[in-house]
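Observations on chain architecture
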Amino acid sequence: MMKTELASQGFASMGSEARLAVLRCLVRAGSTGLSVGDLQERTGIAPSTLAHHLKFLTDADVILQEKQGRSVVNRANYDRLRALAAFILSECCVDETLLTDEQTGL
């Protein structure tokens, strides 16, 4: 189970419209990922600003970067994203079940 501090860092990294747009582009791209240039073209984010957002996402381990020759390929870290989704959904409807049990006397 993911610790709250790690989950908070992951969710915070997605806490801007631009970073969320970058992450969604990478999720759509799949396992092949996208170069910085491709991301810039698809999002319209200025190169220096994009570099800042990529660092933020990488530091939170939400995306992975791999140097390939002269370019850097960015990929969504699907394991981390699944863990974040599992964290936020781990207690889904627990209170609802408790209320039902209390109402039925179980």
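Here's a quick rundown of the structure. (Residues numbered from 1 in each chain as written. Predicted model: local features only at pLDDT ≥ 70, side-chain atom pairs only at ≥ 80, totals over all residues. Heavy atoms only, no water.)

For the protein chain, the count of helices and strands is six helices and three strands. Along the chain direction, N to C, the helices and strands of the protein chain fall in the order α-α-β-α-α-β-β-α-α. At 18 Å, the protein chain has a C-alpha radius of gyration far larger than the 13 Å of a compact globule built from 106 residues. If one aligns the C-alpha atoms of the protein chain with their principal axes, the spans along those axes are about 65 × 25 × 25 Å. Going through the 106 residues of the protein chain one by one, you find that 30% of them count as buried. Of the contacts made within the protein chain by residues no fewer than 6 positions apart, 56% connect residues no fewer than 24 positions apart. For the protein chain, the accessible surface area stands at approximately 7100 Å², while carbon and sulfur atoms represent 55% of it. Seen as two clouds, the 11 positive and the 13 negative side-chain charges of the protein chain have centres 14 Å apart. (Helix = DSSP H or I, 4+ residues; strand = E, 2+ residues; numbered from the N terminus. Rg over C-alpha atoms; globule rule 2.2 N^0.38 Å. Buried < 20%, exposed > 50% of the residue type's maximum accessible area, 1.4 Å probe, protein only. Contact = heavy atoms within 4.5 Å. Areas by Shrake-Rupley, 256 points an atom, 1.4 Å probe, with all protein chains shown as cover. Lys, Arg positive; Asp, Glu negative; His and termini not counted. Charge placed at Lys NZ, Arg CZ, Asp CG, Glu CD.)

Within the secondary structure, Ser35 is located in strand E1 (residues 34–35). A relative accessible area of 19% means that Ser35 is categorised as buried. Engagement of the side chain of Ser35 in a polar contact is seen with the backbone nitrogen of Asp38, the distance being 3.0 Å. In contact with Ser35, not counting residues within four places along its chain, are Val72, Val73 and Asn74. (Polar contact = N/O pair within 3.5 Å; in protein donor to acceptor, adjacent residues only side chain to side chain.)

All right, on to the sheet that holds E1 then. Reading across from one edge, E1-E3-E2 is the order of the three strands in this open sheet, with antiparallel pairing throughout. At either end of the open sheet lies a strand with only one pairing partner, and these are E1 and strand E2 (63–68). In terms of strand pairing, E1 meets strand E3 (residues 71–76) through two bridges, oriented antiparallel. Of the residues in E3, the one forming a bridge with Leu34 is Asn74. (Pairing = 2+ DSSP bridges.)

In a packed pair of helices, the relevant descriptors are the angle between the two axes and the axis-to-axis distance. Interaxial distance between helix H2 (residues 17–29) and helix H3 (residues 36–43) falls to 10 Å at its minimum, and their mutual angle equals 115°. H3 is crossed by H2, and the crossing has right-handed handedness. Two secondary-structure elements touch here, H2 through Ala21, Val22, Cys25 and Leu26 and H3 through Leu39, Arg42 and Thr43. (Axes fitted to C-alpha atoms, helices over the stretch in contact; angles between N-to-C directions. Left-handed = near helix turned anticlockwise from the far one by under 90°.)

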